[in-house]
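Fold and contact review
Letter by letter, the chains look like this.
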Amino acid sequence: MQAFMAVLVVGSIQPVRSQEEPEKNPFADPDMQPSYRAQCHEVRELTKDRETGETRIDFSVTGPLALVHFDGTLAYLGLCGTGSEPKVLCVTYQTNDMKVGEIVTVAGGYSRPNPDFIVLDPCLARRPEEP
């Protein structure tokens, strides 16, 4: 009888799960920090089912700048876009002396005019070492 009870007790114990990796979610409510910042090589996969909706949602990505342009009013910071990566354009108000090739993190209002192009507007950009 004790052996039978031991089998019942052991059989009812739930297996211990290893700590699972948190979900990679580079999206957040407006002006909030996402739980994850995408890298350029992850952008297509992490955004593949995300449509531009009626409500603003922010997206964040980290990568090297491929474009830095200031037209006197707005600054345009472009990153990603090599290989099969979609291009990401951050529309902001200043370049903060950022240069092509620098690694930056951008976050802003997500829109996707086409599968290969993401626009973040409004957008904030910072160097990873900046708070």
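Structure's up top.
Let me begin by describing the structure that accompanies this report. A quick note: this is a predicted structure, and the numbers were derived from the prediction, not measured.

The geometry of an aromatic ring pair is captured by the separation of the ring centres together with the interplanar angle, meaning the angle of the planes. Taken as a whole, this structure holds three aromatic pairs when the rule is applied. Between phenylalanine 27 and tyrosine 110 the ring centres are 5.1 Å apart and the planes differ by 85°, which places this aromatic pair in the edge-to-face class. In this pair, phenylalanine 27 sits in strand E1 (residues 27–28) while tyrosine 110 sits in strand E6 (residues 103–114), placing the two residues 83 residues apart along the sequence. On the basis of relative accessible area, tyrosine 110 is assigned to the buried category, the value being 5%. Consider the rings of phenylalanine 59 and tyrosine 110, whose centres lie 5.8 Å apart with planes at 55°: the pair is tilted. Placement of phenylalanine 59 in strand E3 (residues 58–70) and of tyrosine 110 in strand E6 is noted, with a sequence separation of 51 residues between them. The buried category is assigned to phenylalanine 59, whose relative accessible area is 1%. An aromatic cluster is defined as three or more aromatic residues linked by ring pairs; in this entry it consists of Phe27, Phe59 and Tyr110. Positioned above the aromatic ring of phenylalanine 27, the side-chain terminus of arginine 50 is 4.2 Å from the ring centre.

Cut-off values and rules
Residues numbered from 1 in each chain as written. Predicted model: local features only at pLDDT ≥ 70, side-chain atom pairs only at ≥ 80, totals over all residues. Heavy atoms only, no water. Phe/Tyr/Trp six-rings, centres within 6.5 Å; stacked < 30°, edge-to-face > 60°. Helix = DSSP H or I, 4+ residues; strand = E, 2+ residues; numbered from the N terminus. Buried < 20%, exposed > 50% of the residue type's maximum accessible area, 1.4 Å probe, protein only. Lys NZ or Arg CZ within 6 Å of the ring centre and 35° of its normal.

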